[in-house]
Amino acid sequence: MPPALTEQTERSLAPSARRLGDLLVERQLATRADIGKALAFQQQFGGRIGSILVRLGALSEESLLPVLSEQLEMPLLEGPEWPTDAAAMHRVAEASGLVADWWVDNGVAGWETESGQWLVAARDPLDPSLNEILARRLPAGGWQWRLARGQDLDRLLDLAARSERRDDEFGDDDVSHLRELAEEVPVIELVNNVLAQAMDQRASDIHIEPEEQVFHVRLRIDGILHTRLTLPISRYPAVASRVKLISGMDIAERRLPQDGRLSTRVSGQDVDIRASAVPAVHGESLVLRLLPKERQDLSLERLGFTPRDLSMFRGWAREPHGIVLVTGPTGSGKSTTLYGTLEEMNQRDRKIITVEDPVEYQVPGVTQIQANAEIGYSFARALRAILRQDPDVIMIGEIRDLETAEIAVQSALTGHLVLSTLHTNDAVSAFTRLVDMGLEPFLVATSVRAVQAQRLVRRVCPDCSQPAEVLPAVERLVAPVLDGDASPPQWRKAVGCPRCRGTGYRGRLGIYELVDVTPELQELVLERATAERMRQLATAQGGRTLREDGLLKARQGLTTVDEVVRVTGGIAAEA
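Note that the structure is a prediction, hence the values are computed from the model and not measured.

Trainee: How do you make sense of the overall build of the chain when you look at a structure like this?
Mentor: Tallying secondary structure elements over the chain gives 24 helices and 18 strands in all. With the principal axes as the frame, the chain shows a C-alpha extent of 90 × 55 × 45 Å. Looking at the 575 residues of the chain, the share that counts as buried comes to 51%. Contacts in the chain between residues far apart in sequence, at least 24 positions, make up 65% of those at least 6 positions apart.

Now the structure itself:
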């Protein structure tokens, strides 16, 4: 990564330039405290201010480079200037008389563009000795510097060295060598930059996936995976070793799955990261789940509830006892809903205890217990213990088996409010799922107070979305759930702009299906009725399906019909 100027270099090379720290503070990209820490680090260990700030997690490279480009009056490397092949780089290397190893060892890439212009990028374009050598070896005035992102510079260097690199360069079986590679500055910066880019783009997960010739880095943003980086497979062992090293995994173990965890500061935010490594055909597939510690979106008002649904859900949370279930597949926002509920309930007048695996977010004032199946501390065992802790509210991360379900029912029937999640496709399927687990229907009917199913849809980008027309069939589907809303429809379609990175969407909101357990529904549960009969009853009692709630929010201009179709399906066939 092109580093920032030191104070001395600023004065010697650009007497009139403002200090980088002042520019970053002025643009609210870093704080004075961050600059002070970076200067203290620089005095002790040396280095450039910008590089230090990125390494300390104060800001990302994406935020730094535009400011650095402005200060140095050095353009950023853009796509049209990218070399088309290795020959474009070899021509510059041959003209300079410098061997290929010199360019790679010094972190310098030079190439000829299609227009015949010579460009050079380096990890440290301000290095005086480097500038002196290039000034002697390259034609005067015939080449220009470019600032390049760390990952782009790595790709350039890989392109330059590709013809000379051996397939076994990284020595996969040499653990000590892998550890050395994981501690090299380019590898550290590459991993740090990927983490910072993920945080800047609000990604929930980072996927590092090896193939035969290359490996990909993909970010899950608003539930969709986007490829952000593709590098030669020869670089993968070093990157994988770095991820495993910082997350506490065993670098030497590559045959068995591993889990790791770390807490760090990335792009100015404190974040917990859960890492998973699973052996695959071409190497270990790595997935990093990002869990920012400072969450501003956990309040129930910001999750996408309609006023009617929010009032109903809050009513359930005020119940003195019973089970309230939140259902949906993995990644549908169930945990976020439960955490938002805990935040709202946490008024210090009730004892709230959670049993989770893992604890994703820490809630002050709530006793949170981390289950650990490896040592026999299962959900069921933890629940038995906390019943002696005089709880008022119990939150169970997930009802996974009959034993946990039985204790949840016992807790609900003995005067506790139990919040938990369950993996089902819709709300009414929760009843049949619990019965299938082995619970007696009368226990399910008397203990379960309410069930909510949910999904997440992407919010349409407010900056680029455009009005849209929908099929009459869609209008007919949403008409029954308008609840007297006579406002004109605000159907929108996704377009794409720089702010949403061309996707047409930015952020997510929930769509919900709420089912209150009425006496009539209890009767159906006792009869072991099918999910379809229960669904018909819930609809007759005024309930909305996931699809109907999604279309209602699409009509309000919050999302699009296409997005509702993607998440819930079914409309296209009927339309």
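Trainee: I'm lost on the UniProt feature "domain: Bacterial type II secretion system protein E" (unreviewed entry) in the chain in this one. Help?
Mentor: Those residues carrying the UniProt feature "domain: Bacterial type II secretion system protein E" (unreviewed entry) are residues 387-401 in this numbering. Secondary structure within residues 387-401 divides into 0% helix and 27% strand; the distance between the first and last C-alpha atoms comes to 18 Å.

Trainee: Sorry, what's going on with helix H14 (residues 334-345) here?
Mentor: Quick reminder: α-helices carry 3.6 residues per turn. Residues three or four places apart thus point the same way. Across its 12 residues, H14 extends 17 Å between first and last C-alpha, which sits within 8% of the 16 Å expected from 1.5 Å per residue. Extensive coverage of H14 is indicated by the burial of nine of its 12 residues. Along H14, the positions that sit buried rather than exposed are Lys334, Thr336, Thr337, Leu338, Tyr339, Gly340, Thr341, Leu342 and Met345.

Trainee: Help me understand the sheet that holds strand S15 (residues 448-460) in this model?
Mentor: Pairing is mixed across the open sheet formed by seven strands, whose spatial order is S12-S11-S13-S14-S10-S15-S18. Where the open sheet ends on each side, the last strands, each with one partner, are strand S12 (367-370) and strand S18 (505-516). Going across the sheet, the axis of each strand differs from the next one's by a mean of 20°, ignoring polarity. Inspection of the sheet shows strand S13 (residues 393-396) paired to strand S14 (residues 417-422) by four bridges, in the parallel sense. Looking at the pairing, valine 393 lines up with leucine 417 of S14. Of the strands in this sheet, strand S10 (322-327), S14, S15 and S18 are in contact with helix H13 (residues 307-317), which crosses S18 at around 60°. On the sheet, H14 packs against S10, strand S11 (352-356), S12, S13, S14, S15 and S18 and is oriented at approximately 165° with respect to S14.

Trainee: What exactly am I supposed to notice about the nonpolar core here?
Mentor: As a rule of thumb, nonpolar side chains are buried together in soluble globular proteins. Counting residues in each nonpolar core, the largest one holds 48 residues, and the members touching the most others are Ile323, Leu325, Ile399, Phe431, Leu434, Val444 and Val448. Contacts of valine 448, omitting those with residues within four sequence positions, involve Ile323, Phe431, Leu434 and Val517. Counting 35 residues, the second largest nonpolar core, distinct from the first, contains Val67, Val92, Trp103 and Leu147.

Criteria and thresholds
Every chain is numbered independently, its residues counted from 1 as its sequence is written. Residue-level local features of this predicted model are given only where pLDDT is at least 70; pairs of side-chain atoms are given and counted only at 80 or more, and the full residue set underlies all totals for whole chains, interfaces and linings. No hydrogens and no water enter the side-chain calculation; it runs on all heavy atoms of the structure. In this text, helices come from DSSP runs of H or I with a minimum length of four residues, and strands from runs of E with a minimum of two, each type numbered from the N-terminal end. Working definition: with a 1.4 Å probe on protein chains only, accessible area under 20% of the residue-type maximum means buried, over 50% means exposed, and in between means partly exposed. Contact criterion: two residues are considered in contact whenever any of their non-hydrogen atoms come within 4.5 Å of each other. UniProt positions are given in the numbering used here, feature names are shortened, and annotations may be inferred rather than shown by experiment. To estimate how far a helix should extend, the number of its residues minus one is multiplied by 1.5 Å. Pairing between two strands is assigned when DSSP locates at least 2 bridges connecting them. Orientation is described by axes fitted as lines to C-alpha atoms, over the contacting stretch for helices, and by angles from 0 to 180 degrees between their N-to-C directions. Here, the term nonpolar core denotes a set of buried Ala, Val, Leu, Ile, Met, Phe, Trp, Tyr and Cys residues that are joined through side-chain atoms within 4.5 Å.

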